[in-house]
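Spelled out, the chains give:
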Amino acid sequence: MTSPVESYVQQDYKYGFVTDIEADTVPRGLNEDTIRLISAKKQEPAFLLEWRLAAYRRWLAMTEPHWPNVQYPPIDYQDIIYYSAPKQVKPLGSLDEVDPELLATYEKLGISLSEQKRLSGVAVDAIFDSVSVATTFREKLAESGVIFCSFSDAVKDHPELVKKYLGSVVPAGDNFFAALNAAVFTDGSFVYIPKGVTCPMELSTYFRINAADTGQFERTLIVAEAGATVSYLEGCTAPKRDTNQLHAAVVELVALEGATIKYSTVQNWYAGDSEGKGGIYNFVTKRGKCAGARSRITWTQVETGSSITWKYPSVILQGDDSIGEFYSVAVVNNRQQADTGTKMIHVGRNTKSTIISKGISAGRGQNSYRGLVKMLPKAVGARNYTQCDSMLIGNACGAHTFPYIDVQHPSASVEHEASTSKIGEDQIFYCKQRGLDTEDAISMIVNGFCKDVFQNLPMEFAVEAQKLLGISLEGSVG
Amino acid sequence: MLDIKNLTATAGGTEILRGITLTVNAGEVHAIMGPNGSGKSTLAQVLAGHPSYEVTGGSVTYKGQDLLDMEPEARAQAGVFLAFQYPVEIPGVTNAYFLRAAYNAKRTAQGLEELDPMDFLDLLEEKLKLVEWGPEIMSRAVNAGFSGGEKKRNEILQMAVLEPSLAILDETDSGLDIDALKIVANGVNALRRPDSATLLVTHYQRLLNHIVPDRVHVLAGGRIVRSGGKELALELEERGYEWLTDAAGAVA
């Protein structure tokens, strides 16, 4: 007998289509020539090629980390295509020149690249496989001095800013996947908010993997000068394929004195089928540096996709009185695995961090929270509050918690709360007895569980996230 | 209103209800009493459609419909309400949101328009008076962190909002102090209508001092072994259940 919860969780991934478009693709495999080829295609300055090659040499000496609580067959790094871009004859002068097939793809994903439609006042950078295909509202943002463009354009137009901040938070040799990214990254988004400016609209990047057997290695860099404020969102989807694809991104945030960066992610990469075939390996390094006093960095993530997620959006609290926050909802269903959490590194005085993590496990999914709270010797009066809750749906899933706490100053205070609950037939029956159907009941219970995180998302994305959560869990209760 | 005929049910393969026959008419209050393990709560759960119990025989007709053929939510929408012995907590979902969702699910099933949050608040204000609660309770999460007594009061509040035709109260009195018991009883009495009926499942007679039943039934070993008027409850209070369960054992 199929329980109501089981039948609820099986729903189709609606972003699983493939766009038929001619692509410029480099041969499979990775060596120094691949890197030179990517760098040449992007007409990069010499310093960047050197930086890539140095990262590649570091990477060769590194080994893939196997400490995360996830399992997957070995990755053949020579069997990946490191660059694939839709062919276009000449550089784009305006959005009107974007291939209609690409525009149609983004329309289908619910992302309008037409500025006339002004999607809730959100500016979008659209990344398709290895390149940015369009960035909206660039001119309008430039009026207030905000730079929002693809990473490639930033390298061309603002090399001094790129040179100054690239690798300043996540060094090229930081870890295995970050080093790989530094060697082969192809595009990404670049944001620069000048001193004292509050960015007039939400900025967002939409990542789409389309081509088969390619890896997506993008790099995002956001710099907020003193007193600047910005809210940035990213979304991601990929076609349904029965092979795994690697997505190894790096995101660096720099907040100077009194600056605020709010970075929100709604991650919906293809998660593989119900038996775990296919799906994206999402191995990502995200880190922010509160470089100036009273600066603030907030990570909010809703992770519903990917067959494997490995990411720890972190904050280095260097400036005195700076604030780091991490709000996370991670959902695993079927055979999905997630090992995610954060690192809060308290360096400065009176620094404060908050971690709220909500893990939901369904089907045969395995969900791990891994977090580090570190108070260095000079972090006088530093404070952390961590709340880590897990919800289990059904009997075949797992939830794991790995909190690490390292306090080196006696005046620091660290609080950790954790809970595990099971969404049971009783909870669902209670709702049904009050007239709600199973779908509404599960959606209500799960959304209630995630409330503390959702309220940190910008309004329209919170609604999106709630819907997404319902879809990811469809068919999961067993 | 409710016509139960020779109802049998099992849980995990064990037979718990062994042939219950019971008729409840509109306007009546029936008390179901009996020792622990006699099947009282099972009867309540089976009527509400809990998936842990399997009905193996008999029939239940509610307002002319085959109740056993209906999904639990359809039963609720048709006016069957179960006040749970152990109300469930739903963290992060406010009482106001939950109640409105339940209320609107019933309205939608009846082909009525949903009530918007403002109109619903007006309705709530009236209902809160019944259980002597202020509006602050509405922004708390459903039963989360509630005391045992508060949970039971919350069940009565939900019942007041949903105005059921058939209210089944499963040991709503257990664990209540005398003040809370009075509030609960007053709530139930205020909701008695000529066109609705109440089934009170209770272990003790004391609730029946506050809610006077029309009929009292004693359940033992999954069967009704004795039925009578309200005076039967007093007799049970005095003599306990043993004389009846022994008699039932002799019959079996």
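Keep in mind the model is a prediction, meaning the values are calculated, not measured.

**Q** Help me get a handle on the overall build of chain A, residues and values and all.
**A** In terms of helices and strands, chain A carries 12 helices and 23 strands. A burial count over chain A gives 63% of its 478 residues as buried. Looking at chain A alone, contacts between residues at least 24 apart form 84% of all its contacts between residues at least 6 apart. Counting only carbon and sulfur atoms, one obtains 50% of the accessible surface of chain A, whose full area is about 17,600 Å².

**Q** Give a description of the sheet that holds strand β3 (residues 29-33) of chain B that names residues and reports values.
**A** All names here are of chain B. Spatially, six strands are ordered β6-β9-β10-β3-β11-β12 in an open sheet, and the strand pairing comes out mixed. Of all strands in the sheet, those bounded by a partner on one side alone are β6 (80-83) and β12 (223-228). Sheet twist, expressed as the average angle between the axes of neighbouring strands with direction ignored, equals 20°. Two strands pair when backbone bridges link them, and β3 and strand β10 (residues 197-201) are joined in this way by four bridges, in the parallel orientation. Note on β10: the bridge partner recorded for Ala-31 is Leu-200. In the packing of helix α1 (residues 40-48) onto the sheet, the strands contacted are β3, β6, β9 (166-170), β10 and β11 (215-220), and the crossing angle to β9 comes to about 145°. Contacts between helix α5 (residues 148-162) and the sheet are confined to β6 and β9, with β6 contributing the most and set at about 170° to the helix.

**Q** So, the environment of Val-225 of chain B: which residues are in play, and what are the values?
**A** Residues and elements named next belong to chain B. The topology assignment puts Val-225 in strand β12. On the basis of relative accessibility, which here comes to 27%, the residue Val-225 falls in the partly exposed class. Distance in space between the C-alpha atoms of Val-225 and Leu-124 is 41 Å, their sequence separation being 101 residues.

**Q** Would you mind going over the interface of chain A and chain B in detail, with residue names and values included?
**A** Listed per partner, the contact involves 18 residues of chain A and 33 residues of chain B. If you sort the residues of chain A by the area they bury against chain B, Phe-429, Tyr-430 and Arg-434 of chain A come out on top, with a joint share of 38%. One salt bridge connects Arg-434 of chain A with Glu-155 of chain B, and the closest N-O pair in it is separated by 2.7 Å. Elements represented by at least two residues in the side of chain A that touches chain B include exactly α9 (425-433) and α10 (438-449) of chain A.

**Q** How would you sum up the sheet that holds strand β1 (residues 2-11) of chain B? Please name residues and give values.
**A** Residues and elements named next belong to chain B. Taken together, the four strands give an open sheet; going across it, the order is β2-β1-β4-β5, and neighbouring strands pair in antiparallel fashion. Where the open sheet ends on each side, the last strands, each with one partner, are β2 (14-24) and β5 (65-66). Pairing analysis gives eight bridges linking β1 to strand β4 (residues 53-62), with the strands arranged antiparallel. Each bridged residue has a counterpart across the sheet, and for Thr-10 the counterpart in β4 is Glu-54. Contacts from α1 reach β1, β2 and β4 within the one sheet, and its direction differs from that of β1 by about 105°.

**Q** Report on the nonpolar core, specifying residues and quantitative values.
**A** If you look at the biggest cluster of nonpolar residues, it comprises 63 residues, and the most contacted ones within it are Ile-360 and Val-446 of chain A together with Leu-2, Ile-4, Leu-47 and Phe-98 of chain B. Per-element tally for this core: the top contributor is α10 of chain A, with six residues. Not counting the four nearest positions on each side in its chain, Phe-98 of chain B is found in contact with Tyr-430, Cys-431, Arg-434, Leu-436 and Met-444 of chain A together with Ile-90, Val-93, Val-142 and Gln-158 of chain B. Ranked by size, the runner-up nonpolar core spans 52 residues in total, among them Val-26, Leu-48, Leu-53 and Ala-172 of chain A.

**Q** Outline helix α7 (residues 231-239) of chain B, supporting the account with residue identities and numerical values.
**A** All names here are of chain B. Residues of α7 that are buried include every one of Leu-232, Ala-233 and Leu-236, and no others. All buried residues of α7 project into a common sector of 100° when viewed along the axis, lining one side. The outward face of α7, more than 90 degrees from its buried face, is lined by the exposed residues Glu-231, Glu-237 and Glu-238. Directly beyond the C-terminal end of α7, a positive phi value near 75° is found at Gly-240.

**Q** Go over the side chain of Thr-298 of chain A, please, and point to the residues and values.
**A** Within the element layout of this structure, Thr-298 of chain A appears in strand β14 (residues 296-303). Residues within four places of Thr-298 of chain A in sequence aside, it is in contact with Ile-261, Lys-262, Tyr-263, Glu-325 and Tyr-327 of chain A.

**Q** Hey, could you go over the layout of surface pockets for me, with residue numbers and the actual values?
**A** In this structure, the second largest pocket encloses a volume near 860 Å³. Taken together, 32 residues make up the lining of the second largest pocket; nearest its centre are Ser-443, Met-444, Asn-447 and Gln-466 of chain A together with Tyr-97 of chain B. Elements supplying a minimum of two residues to the lining of the second largest pocket: α10, α11 (451-454) and α12 (459-473) of chain A together with β7 (90-94) and α3 (95-109) of chain B. The class makeup of the residues in the lining of the second largest pocket is 12 nonpolar, 12 polar and eight charged.

**Q** So, the confidence of the model for chain A: which residues are in play, and what are the values?
**A** Across chain A, the average pLDDT comes to 85, with 88% of residues at or above 70. Predicted confidence in chain A is weakest over helix α1 (residues 4-9) of chain A, with a mean pLDDT of 43, and strongest over strand β16 (residues 314-317) of chain A, with 98.

**Q** Which residues make up the side chain of Ser-306 of chain A, and what are the values?
**A** All names here are of chain A. Structurally, Ser-306 can be placed in the loop between β14 and β15 (308-311). The exposure class of Ser-306 is buried, given its relative accessible area of 1%. Among the polar contacts made by the side chain of Ser-306, one reaches the side chain of Gln-267 at a distance of 2.9 Å. Contact partners of Ser-306, with chain neighbours within four places excluded, come to Gln-267, Trp-269, Tyr-270, Ala-271, Ile-280, Asn-282 and Gln-336.

**Q** Give me the lowdown on the packing of aromatic side chains, citing residues and values where you can.
**A** Residues and elements named next belong to chain A. Under the criterion given, the structure shown has 24 aromatic pairs over all chains. Between Phe-177 and Trp-310 the ring centres are 5.2 Å apart and the planes differ by 70°, which places this aromatic pair in the edge-to-face class. Separated by 133 residues along the polypeptide, Phe-177 in helix α8 (residues 176-184) and Trp-310 in strand β15 bring together distant segments of the chain. The exposure classification of Phe-177 matches that of Trp-310, with both residues buried.

**Q** Describe in detail empty space enclosed by the protein, supporting the description with residues and values.
**A** Residues and elements named next belong to chain A. The tally for this structure, following the rule as stated, stands at six cavities of 30 Å³ or more. Considering only enclosed or pocket space, the largest cavity measures out at about 90 Å³ in volume. Lining the largest cavity are 16 residues, and of these Ser-357, Gly-359, Asn-367, Ser-368 and Tyr-369 sit closest to its centre. Every element with two or more residues in the lining of the largest cavity is listed here: β17 (323-332), β19 (352-361), β20 (366-375), β21 (383-393) and β22 (398-407). Taken together, the residues of the lining of the largest cavity break down into five nonpolar, nine polar and two charged.

**Q** Requested: an account of the packing of helix α4 (residues 117-130) of chain B against α5 of chain B, with residues and values cited.
**A** Residues and elements named next belong to chain B. Two elements in contact, α4 and α5, have axes whose closest approach is 9 Å; the angle formed by their N-to-C orientations is 130°. Between α4 and α5, the crossing angle belongs to the class labelled oblique. α4 and α5 meet at a crossing whose hand is right-handed. Contacts from Phe-120, Leu-123, Leu-124, Lys-127, Leu-128 and Leu-130 in α4 reach Leu-157, Ala-160 and Val-161 in α5.

**Q** Residue-level account of unusual backbone geometry, with values.
**A** Where the residue is not glycine, phi is negative for most of them; where a peptide bond is considered, it is trans in most cases. Within the chain, Asn-334 of chain A stands out as a residue other than glycine whose phi angle is a positive 50°. With respect to the helices, strands and loops of the structure, Asn-334 of chain A is situated in the loop between β17 and β18 (337-346). A positive phi is found at Asn-143 of chain B, a non-glycine position, where the angle reads about 60°. Note on placement: Asn-143 of chain B falls in the loop between β8 (141-142) and α5. On the accessibility criterion, Asn-143 of chain B (0% relative accessible area) is buried.

So, how was this worked out
Counting starts from 1 at the beginning of each chain's written sequence and moves along it residue by residue. A letter from A marks each chain and a number from 1 marks each ligand, given out in the order of writing. Since the coordinates come from a predicted model, pLDDT governs what is reported: local features require at least 70, and pairs of side-chain atoms require 80 or more to be given and counted, while whole-chain, interface and lining totals use all residues. Side-chain descriptors were evaluated using all non-hydrogen atoms of the structure, hydrogens and water having been removed beforehand. Elements are defined by DSSP. Helices are runs of H or I of four residues or more, strands are runs of E of two residues or more, and each kind is numbered from the N terminus. Think of it in three bands: residues with accessible area under 20% of the maximum for their type are buried, residues over 50% are exposed, and the middle band is partly exposed, with areas taken using a 1.4 Å probe on protein chains only. Here a residue-residue contact requires only that any non-hydrogen atoms of the pair lie within 4.5 Å. To be clear on the numbers: accessible area is Shrake-Rupley with a 1.4 Å probe, and residue cover counts the displayed protein chains and nothing else. Only strands that DSSP links by at least two bridges are regarded as paired with each other. For helices, the fitted axis covers only the stretch in contact; all axes are lines through C-alpha atoms, and the angles between them, taken along N-to-C directions, range from 0 to 180 degrees. Buried surface area refers to the total accessible area, computed with a probe of radius 1.4 Å, that the two partners give up upon joining, counted for both partners together. Salt bridges are counted wherever a side-chain nitrogen of Lys or Arg sits within 4 Å of a carboxyl oxygen of Asp or Glu. As used in this record, nonpolar core signifies buried Ala, Val, Leu, Ile, Met, Phe, Trp, Tyr and Cys residues forming a set joined through side-chain atoms within 4.5 Å. In this description, one arc is meant: the one made by directions from the helix axis to the C-beta atoms. Think of a 1 Å grid over the protein atoms and nothing else: a 1.4 Å probe that fits but is trapped marks a cavity, an open set flanked by protein within 12 Å on at least five of seven lines marks a pocket, and residues with an atom within 4 Å of a point count as lining. Grid points are joined across faces, edges and corners, and a volume is the space filled by probe spheres set on the points. In the scheme used here, Gly and all other residues not listed as nonpolar or charged are polar, with Ala, Val, Leu, Ile, Met, Phe, Trp, Tyr, Cys and Pro taken as nonpolar and Asp, Glu, Lys and Arg as charged. Confidence scores here are pLDDT values: one per residue, from the predictor, ranging 0 to 100. For the purposes of these results, a polar contact is taken to be a pair of N or O atoms within 3.5 Å, where, inside protein, one atom must be able to donate a hydrogen and its partner to accept one; residues adjacent in sequence count only when each atom of the pair is a side-chain atom. Ring geometry is summarised as follows: Phe, Tyr and Trp rings, the Trp one being its six-membered ring, pair when their centres sit within 6.5 Å, and such pairs are stacked at plane angles under 30 degrees, edge-to-face over 60 and tilted between the two. When an angle is under 35 degrees it counts as roughly parallel; over 145 it counts as roughly antiparallel; between 65 and 115 it counts as roughly perpendicular; any other value is oblique. Take the far helix as the reference: if the near one is turned anticlockwise from it by less than a right angle, the crossing is left-handed, and if turned clockwise, right-handed.

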